[in-house]
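Here is what each chain is made of, one letter per residue.
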Amino acid sequence: METLMAGAQKPKVHGRGNKRLDAVLDFVAFAAKPMPLVTLLDEAPRRIAMIVEAPVCSLYLVEGDGHELVMRGNIGFPPSAIGQVRLSIGEGMTGEAVEYLRPVSSEDAAHHRSYKHFEDLGEERSPVFLAVPIRGRSGPLGALVVQREENAFGDRDIELLAALGAIIAAVVRHAELIDARRERGAAALSRRAGGGTRKVTLTGRPFVAGRAIGAIAALRRPAANPPSLREERDVREDRRLLRGAFDVAEKAIRALADRAQGMRLGGDAAFLSTYVEILDDQRFRERADELVAEGSGIPGALGRVARDVTRTAASFTRDAFLEERARDIEDLCDALVMLAAADKRAELPSKALLVGDALSVFDLLISARAHPVGVALTDRGSGPRTRTLLRLLDVPAVVGLEGLFRWASDGDVALLDADHGLLVINPSKSEIASLREYKREKDALD
C-alpha cells in the first residue's frame, strides 16, 4: 500500500478546466460506447475539431476494392460533400497519408506537390492541413483530416490525432462495411429473404438527403403475360378504362413537368415534354383504342402499339431520336396497362424502400403511388433521367450501391441513410433508435 512520506506532495488530480484534456476524455468516453456507424460519422469529426481547434474535420473510409477513399463524415464543408468527395489511395495529401501510413501536413496545402482541389468546398479558407491514417489489423481503414486558417499543426497535434485515429479504428471495424467484391458466395446463397441475412452495410453516393427505414421492394414492371381483365371481355368497359388511363397519365405527366419547372430543372427534365407529346398524339390513342375495340384487350393492344413503334425505330439504322422515342412509348404503355387495371403481381407494398438499377417515368406514374420512403439504386442508376426523376420523387435516395442485389431481397428490413450514402440491411436496434432520434430532432427543427 502506498503511503505518503513526511513532506511528500500529494498526487494531482486533473479535474475539469483544461479545455483540451476535457475534450479528449469526453471523446474517449464517447468512443467507448457501442454505437451505430452513422453516430460515429456525425459525432467524431465534430468532437475532434473541438480538440484540435480546427473548423474543418473530415473522416474518410477505405471502400470498394480497397483502393478508394470516401469522405463519410465531415464538419466545416457543405453537407453535399459527404459521400461525393473521393480519392484513390495515393491521390492528394490524404491519399498519400493512407498509402504511406504516415501523417502528412502542410502550412499551405494548395502549394503541396500532391494537393487535390475539389470545387465548391471552400478549402482555400483553411489552408493549414493535417492528414493522419487510420490503421486496421491488415492495412488502412481510412484517414482523419483537419484543416484551419492559420497556425501550423505541431508534433503534439499529430501525435494526438494518430492516437484518436486508433480509437476510431476500433469502432469502424465493428461497422461491417461490406466490399461487394469480397463477399463469400456461400453466405449469399444461404441467405433467406425477409430477414435471413446478417446485418450488412453497403455504401454508395448520397443523392437526395434524408434517412428512412422500410421493407425492401424491388422496382417492378407489368407481368410479361398479364392476365385478362375478366373472363368474358367487355370491350366497351376496356375502352372506357383505356381512356381513363390516358387521362390519368396525361394529368400526372403535366403535373411532373410543372413541378420540374418550379424546381428549375430546366433541360434536365426536357424529356417530360416528350411524354406530353406522345399523350397528345391522337394517332397513338386511336390506334390503341382500335385494337381494344377489336378485342385485343388493354395489355395486348398497348403491347402491340409499343412493338410496332420499336420495329419502326429499328428500321431506321442508328436513328437515336426514334430509338429513344420508342423506349419512351414502351415505358408509357407499361404505365397505361397498370393504370387501366392493376396487376396484383406488379404492385408494390406501401411505405417500402425501393431498390433497382434505375428509375423511369413508369415508376413516378406507378411505383410512386405506393408512397415509398426511399430509393436505393445500383451503380447503373447514374443516368441523367434517373437523377432528375429522383429529384422529382423527393424521398431519400442513394445511388451507386455495388452488390445491392447480392445482399438485398424483397422483405428485408433496411435503413437508408442518404446523408452519408449508406444502406444498412437488417439494422441493429441501436441503429433504429438512432434513426428515431434523428427524426425527432428534425421534426423539432421543422
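Predicted, not measured: the structure shown is a model, and the values here were computed from it.

A separate point is the overall build of the chain. In terms of regular secondary structure, the chain is built from 14 helices and 14 strands. A burial count over the chain gives 48% of its 446 residues as buried. Taking all contacts inside the chain whose residues are at least 6 apart in sequence as the whole, residues at least 24 apart take part in 65%. When the accessible surface of the chain is split by element, carbon and sulfur atoms take 50% of a total near 23300 Å².

Next up on the list: the layout of surface pockets. Estimates place the volume of the second largest pocket at around 360 Å³. As for the second largest pocket, its lining consists of 21 residues, and the residues nearest its centre are Pro78, Pro79, Ser80, Ile82 and Asp419. Mapped onto the lining of the second largest pocket, the elements with two or more residues apiece are helix H2 (37-52), strand S2 (68-75) and strand S8 (205-208). No other element matches H2, which puts 4 residues into the lining of the second largest pocket. Considered class by class, the residues forming the lining of the second largest pocket number 11 nonpolar, 5 polar and 5 charged.

This paragraph deals with the packing of helix H1 (residues 19-31) against helix H4 (residues 155-173). At their nearest, the axes of H1 and H4 sit 10 Å apart, and the two run at 15° to each other. Taken together, the axes of H1 and H4 lie roughly parallel to each other. Crossing angle aside, the handedness with which H1 passes H4 is left-handed. When H1 is examined against H4, the residues Arg20, Val24, Phe27, Val28 and Ala31 are found in contact with a partner set consisting of Arg156, Asp157, Leu160, Leu164, Ile167, Ile168 and Val171.

Attention shifts here to the side chain of Ser58. As for its placement among the helices and strands, Ser58 is situated in strand S1 (residues 56-63). Apart from the residues within four sequence positions on either side, Ser58 is in contact with Met71, Gly73, Asn74, Phe77, Ala143, Leu144 and Val145.

This next bit is on the sheet that holds strand S3 (residues 86-88). The sheet built from 6 strands is open, its strands ordered S3-S2-S1-S6-S5-S4 with antiparallel pairing. Sheet topology places S3 and strand S4 (104-106) at the edges, where each strand pairs with a single neighbour. Going from strand to strand, the sheet's axes swing by 20° on average, the running direction of each strand aside. Relative to strand S6 (residues 140-148), strand S5 (residues 128-135) runs antiparallel, the two sharing 8 bridges. Bridging across to S6, Phe129 finds its partner in Gln147.

Taken over all residues, the pLDDT of the chain has a mean of 85, while the share at 70 or more is 87%. Across residues 178-195 the pLDDT falls below 50, and counting only partners more than four positions away or on other chains, this stretch makes 35 contacts in the model.

Of note, Arg16 is situated in the segment before H1. With residues near it in sequence (within four places) discarded, Arg16 still touches Asp22 and Asp26. In this structure the side chain of Arg16 is engaged in a polar contact, spanning 3.2 Å, whose partner is the side chain of Asp26.

A positive phi angle is found at Leu101, which is not glycine, with a value near 55°. With respect to the secondary-structure elements, Leu101 resides in the loop between helix H3 (92-100) and S4. Taking relative accessible area as the criterion, Leu101 reaches 22% and is therefore assigned partly exposed. Here His371, not a glycine, exhibits a phi torsion of approximately 50°, which is positive. Tracing the chain through its elements places His371 in the loop between helix H11 (361-365) and strand S11 (374-377).

Turning our eyes to something else, we now look at the packing of aromatic side chains. Counting across every chain of the model gives 2 aromatic pairs. With a centroid separation of 6.0 Å and 50° between ring planes, the pair formed by Phe27 and Phe30 is classed as tilted. Taken together, the residues span about one helical turn, with Phe27 and Phe30 both in helix H1 at a distance of 3 residues. Per residue, the accessibility class of Phe27 equals that of Phe30, and both read buried. Geometrically, the ring pair formed by Phe246 and Phe284 is edge-to-face, given 5.5 Å between the ring centres and 80° between the ring planes.

Procedures and definitions
- The written sequence of each chain sets the order in which its residues are numbered from 1.
- In keeping with the model being predicted, local features are shown solely for residues with a pLDDT of at least 70 and side-chain atom pairs are shown and tallied solely at 80 or more, while totals for entire chains, interfaces and linings include all residues.
- As a rule here, side-chain values cover all heavy atoms of the structure and leave hydrogens and water aside.
- Segments assigned H or I by DSSP are reported as helices when at least four residues long, segments assigned E as strands when at least two residues long, and all are numbered from the N terminus.
- Three exposure classes are used, based on accessible area relative to the maximum for each residue type with a 1.4 Å probe and protein chains only: buried under 20%, partly exposed in between, and exposed over 50%.
- Contact criterion: two residues are considered in contact whenever any of their non-hydrogen atoms come within 4.5 Å of each other.
- For every accessible area listed, the method is Shrake-Rupley and the probe measures 1.4 Å; residues are considered covered only by the protein chains on display.
- Here a cavity means grid points, on a 1 Å grid over the protein atoms only, where a 1.4 Å probe fits yet cannot get out; a pocket means an open set of points with protein on both sides within 12 Å along at least five of seven lines; lining residues are those with an atom within 4 Å of a point.
- Grid points are joined across faces, edges and corners, and a volume is the space filled by probe spheres set on the points.
- Three classes are used: nonpolar for Ala, Val, Leu, Ile, Met, Phe, Trp, Tyr, Cys and Pro, charged for Asp, Glu, Lys and Arg, and polar for all others, with Gly counted as polar.
- In this analysis an axis means a line fitted to C-alpha atoms, helices contributing only their contacting stretch, and an angle means the value between N-to-C directions, from 0 to 180 degrees.
- When describing relative orientation, an angle under 35 degrees is termed roughly parallel and one over 145 degrees roughly antiparallel, while 65 to 115 degrees is termed roughly perpendicular and anything else oblique.
- Crossings are assigned a handedness: left-handed for a near helix turned anticlockwise from the far helix by less than a right angle, right-handed for a clockwise turn.
- Any two strands between which DSSP finds at least two bridges are classified as paired.
- On a scale of 0 to 100, pLDDT captures the predictor's confidence in every residue.
- N or O atoms closer than or at 3.5 Å make up a polar contact, with two conditions inside protein: a donor-capable atom paired with an acceptor-capable one, and, for residues adjacent in sequence, both atoms drawn from side chains.
- Pairs were defined over the aromatic rings of Phe, Tyr and Trp, the Trp ring being its six-membered one, requiring ring centres within 6.5 Å. Orientation was assigned from the angle between planes: stacked under 30 degrees, edge-to-face over 60, tilted for the rest.

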